[in-house]
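If you want the building blocks of each chain, they are given just below.
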Amino acid sequence: MKSNYKALSELIEKVDERNADGAITELIGVSIDKCFIKSVANTNGTDLSKYKIIRKNEFAVSLMQVSRDSKIPIARLEDYDVAIMSPAYPIFRVKDTSVVLPEYLEMWFKRPEFDREAAFIAVGGVRGSMPWEEFAKMKLPVPPMDKQKNIVKAYKTITDRIALKQKINDNLEATASAMFKERFSIERANPEWLVGTLQDLYTFQYGKGNNNPDNGGVYPVYGSNGIIGGYDEYNNEDAPVIGHIGINCGSLVFALGKHFVTYNGVMCNVNNPKNKYFGYLTLANSRLQAHVRGSSQPFVSYDMLYEIKAVLPPSEVIEQFEKQVTPLFEQVSSNQREIKHLLELQTIQLARLAN
């Protein structure tokens, strides 16, 4: 029975508030990962009065090229009280929060089934785009408010746990990085040590395929900025990944275990496995984003990476350092495994929304 299903048009309303006085300057966009990102566009000389205002708990969506990307970039504003966005983004809010919670609606938008339905609807549109009218016709179950609150609370418990584990990992990596800088930064390193380039530590290679091959497989897919899906094949293992092209080029993550890297990432394979964490921290302290080139389509190539200077201490010094930081990264790895399990629980919760 779908008697409790409602069309989005019954639950939401479009908002078109403009930044008329140009007072708001925090410019953001929506990523395909369904979160807001700060814009890197140069707004000097730009007339910000034409931009749309988005306020806390309001949503923004991009309905362009939905069938091509098989995902709708859509998110609820939570981290800002107010910001501005390109006029191209439809912005909307919940009409009545006593009928549907914004947090519950956000959960529905995160479901893979929602993206698949949207992509199917958009196939006939111009360039695979979805008209607002078609988007507003999409339906979702709206359970009683007490059930919505319980669903949102359970989901938030998992989300908060993930955030906590990620914060711990960030602190662990910051500790390891501080230890590295104290001994191996070019400014502080022993003057008797060699100074080479990243080529002495790594072999770089672009990933495979221009598109995200996400098919729900067990191996994480890495693009230009972390995990973007799962695939049933892998092309690398236990290695850093650098963002190769696009807005996140120069970003760095350590991809633990077997994983798949797309063309949007650079695979970093350490020449000496005994230098695994020393090599990673060398990358993390190499100011990779300062080496980005290109304006309309920024990129980092492995030829450019090979030219970056790196301190090359004696092998026994690196070995001693590896022993010091390995426990930190083992804890990071343990936390990442827990995060992976929590993300799987989130997926299960989202799948149950239709029940």
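Residues numbered from 1 in each chain as written. Predicted model: local features only at pLDDT ≥ 70, side-chain atom pairs only at ≥ 80, totals over all residues. Heavy atoms only, no water.

Remarks on the overall build of the protein
Within the protein, the regular secondary structure consists of nine helices and 18 strands. In summary, the protein has a C-alpha radius of gyration of 23 Å against a globular reference of 20 Å for 355 residues, a match within 12%. Relative to all contacts within the protein whose residues are 6 or more apart in sequence, the contacts with residues 24 or more apart total 76%. Accessible surface for the protein amounts to roughly 18,900 Å². Of this, 49% is attributable to carbon and sulfur atoms. Charged side chains in the protein number 42 positive and 42 negative. The centres of these two groups are separated by 4 Å. (Helix = DSSP H or I, 4+ residues; strand = E, 2+ residues; numbered from the N terminus. Rg over C-alpha atoms; globule rule 2.2 N^0.38 Å. Contact = heavy atoms within 4.5 Å. Areas by Shrake-Rupley, 256 points an atom, 1.4 Å probe, with all protein chains shown as cover. Lys, Arg positive; Asp, Glu negative; His and termini not counted. Charge placed at Lys NZ, Arg CZ, Asp CG, Glu CD.)

Notes on the sheet that holds strand β13 (residues 219-222)
The six strands are arranged β12-β17-β15-β16-β13-β14 in an open sheet whose pairing can be described as mixed. Each end of this open sheet is capped by a strand with a single partner; those strands are β12 (202-206) and β14 (227-231). Neighbour-to-neighbour, the strand axes of the sheet open up by a mean angle of 40°, direction not taken into account. In the sheet, β13 pairs with strand β16 (residues 252-261) via two bridges, with the strands oriented parallel. For Y222, the partnering residue across the bridge sits in β16 and is V261. Relative to β16, helix α7 (residues 276-284) is tilted by about 130°, and along the sheet it contacts β12, β15 (236-243), β16 and β17 (265-270). (Pairing = 2+ DSSP bridges. Axes fitted to C-alpha atoms, helices over the stretch in contact; angles between N-to-C directions.)

So, the pairing of β16
Note that β15 and β16 share six bridges and pair antiparallel. Opposite V241, over in β16, you have V253 as the bridge partner.

Structural notes on the state of the cysteines
Enumeration according to the criterion identifies zero disulfides in this entry. Take C35: it sits in no disulfide, and the sulfur closest to it among the cysteines is that of C249, at 17 Å. No disulfide involves C249; its sulfur sits 14 Å from the nearest other cysteine sulfur, which is in C268. Of the residues examined, C249 reaches a relative accessible area of 4% and is grouped as buried. (Disulfide = S-S within 2.5 Å. Buried < 20%, exposed > 50% of the residue type's maximum accessible area, 1.4 Å probe, protein only.)

Quick notes on the sheet that holds strand β2 (residues 12-15)
Note: strands within a sheet are paired through backbone hydrogen bonds, in either parallel or antiparallel orientation. Reading across from one edge, β2-β9-β6-β7 is the order of the four strands in this open sheet, with antiparallel pairing throughout. In the strand order of this sheet, the two ends are held by β2 and β7 (74-76), each with one partner. Here the average twist between neighbouring strands, direction ignored, is 30°. Examined bridge by bridge, strand β6 (residues 59-61) and β7 share three bridges and lie antiparallel to one another. In the strand pairing of β7, A60 is matched with A75.

Observations concerning helix α4 (residues 112-122)
When we look at burial in α4, the residues that qualify are F114, D115, A118, A119 and A122. One side of α4 holds all its buried residues, which, seen down the axis, span an arc of 130°. Away from its buried face, by an angle of more than 90 degrees, α4 presents the exposed residues R116 and F120. (Arc of directions from axis to C-beta.)

Points about the environment of N272
Relative to the helices and strands, N272 resides in the loop between β17 and α7. Judged by relative accessible area, N272 falls into the partly exposed class, the value being 33%. Here the alpha-carbon distance between N272 and E322, two residues 50 residues apart in the chain, equals 12 Å.

Points about unusual backbone geometry
Even without being a glycine, K34 presents a positive backbone phi close to 65°. Tracing the backbone through its elements, the reader meets K34 in the loop between β3 (28-30) and β4 (36-38). One non-glycine residue, N57, lies in positive phi territory at about 75°. Note on placement: N57 falls in the loop between β5 (52-55) and β6. Residue N57 is classed as partly exposed on the basis of its relative accessible area of 31%.

Looking at the side chain of H244
The residue H244 is located in the loop between β15 and β16 in this model. Not counting residues up to four positions away in its chain, the partners in contact with H244 are Y206, C249, Y263, N264, G265, V266, P298, F299 and V300.

Some details on the packing of aromatic side chains
Under the defined criterion, the tally for this structure stands at 26 aromatic pairs. Within the aromatic cluster, the residues linked to one another by ring pairs are F59, F92, F109, F114, W132 and F135. Positioned above the aromatic ring of W132, the side-chain terminus of K14 is 4.9 Å from the ring centre. The cationic tip of R111 hangs over the ring face of W108; the distance from NZ or CZ to the ring centre is 4.2 Å. (Phe/Tyr/Trp six-rings, centres within 6.5 Å; stacked < 30°, edge-to-face > 60°. Lys NZ or Arg CZ within 6 Å of the ring centre and 35° of its normal.)

Just geometry here; none of it tells us what the structure is for.
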